[in-house]
Amino acid sequence: MQFLTTLDGLLEHIKSVEKETIELTNETHMRIARFIQSNGLQLDDETVESMQYQDIIAQQLSATIEAIESVQEHLRSFVQVVEGNDASVIENIDKMHAKLNATLERAEQRRSAFGGKLHHDDDDGIEFF
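(A) How the structure looks around a nonpolar patch on the surface. The grouping of Phe35, Leu41, Leu43 and Val48 at the surface amounts to a nonpolar patch, some 320 Å² of accessible area in total. Along the chain, Val48 turns up in helix 2 (residues 45-84). Here Val48 falls in the partly exposed class, since its relative accessible area comes to 34%.

This is how it looks when you write it as C-alpha cells:
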C-alpha cells in the first residue's frame, strides 16, 4: 500500500500548488485593479472580460482541489480497510472505483459549469454563478 501513500502525497502536492496559484491569481487581479483605479483608466469590454478570466481560473482550480480531496478521502478509507481485512479488498476496490467515478463526473460537470462561455463565439460574454 506504499504506492497509495505516495499517490496521496502527490495529490497533496498538487492541491498545494493549485492553492498557491489561486492566491497568485487573486493578488495579480488586485494589483491590476489598484493600478486601473489609481490611474483613472477606463477599460474596454475585452479587457474587462480578460480580467474576469482570473475568476474562472480560481473557480476551476477550486473545483479541482475539491475533486482531489474526495479522491484522497476514498484512498485513505481504502487503505484503512485493506490494512484491517484482506478478505474485503476486492469489494472495497469496487466501491472505491464507483466513488472515484462519481467524483470524476462531478469534477467534469463543475468544469463545464465554471467554463462559462469561454470558448463560444457569441457576444453574450462570460456567465458567472
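So much for the structure itself; the text now carries on.
(B) Here's a closer look at the pattern of salt bridges. All chains considered together, the criterion is met by seven salt bridges. We note a salt bridge from Glu27 to Arg31, for which the minimum N-O separation is 2.9 Å. Pair noted here: Glu27 and Arg31 are both in helix 1 (residues 2-38), with a separation of four residues, about one helical turn. With its nearest N and O atoms 3.6 Å apart, the salt bridge here joins Glu27 to Arg34. According to the relative accessible area criterion, Glu27 is partly exposed, its value standing at 34%. Salt bridges sharing partners connect three or more residues here, namely Asp8, Glu12, Lys15, Glu69 and Arg76.

(C) Representation of the environment of Ala33 within the structure. With respect to the element layout, Ala33 can be found in helix 1. Spatially, the C-alpha atom of Ala33 lies 9.1 Å from that of Met51, the residues being 18 residues apart in sequence.

The rules behind these values
- In this numbering scheme, every chain counts its residues from 1 along its sequence in written order.
- Predicted model: local features are reported for residues with pLDDT of at least 70 only, side-chain atom pairs are reported and counted for 80 or more only, and whole-chain, interface and lining totals are derived from all residues.
- For the side-chain quantities, the full set of heavy atoms in the structure was used; hydrogens and water were omitted.
- Every patch collects residues that have over 30% relative accessible area and no salt bridge, joining them within 9 Å if they carry like charges and within 5 Å if they are nonpolar side chains (Val, Leu, Ile, Met, Phe, Trp, Tyr).
- Per-residue and other accessible areas were derived by the Shrake-Rupley procedure at a 1.4 Å probe size, with only the shown protein chains allowed to occlude residues.
- Counted as salt bridges are all cases of a side-chain nitrogen of Lys or Arg within 4 Å of a carboxyl oxygen of Asp or Glu.
- In DSSP terms, a helix is any run of H or I states spanning at least four residues, a strand is any run of E spanning at least two, and both are numbered starting from the N terminus.
- Exposed residues in this analysis have more than 50% of their type's maximum accessible area, buried residues have under 20%, and partly exposed residues fall in between, with area computed by a 1.4 Å probe over protein chains only.

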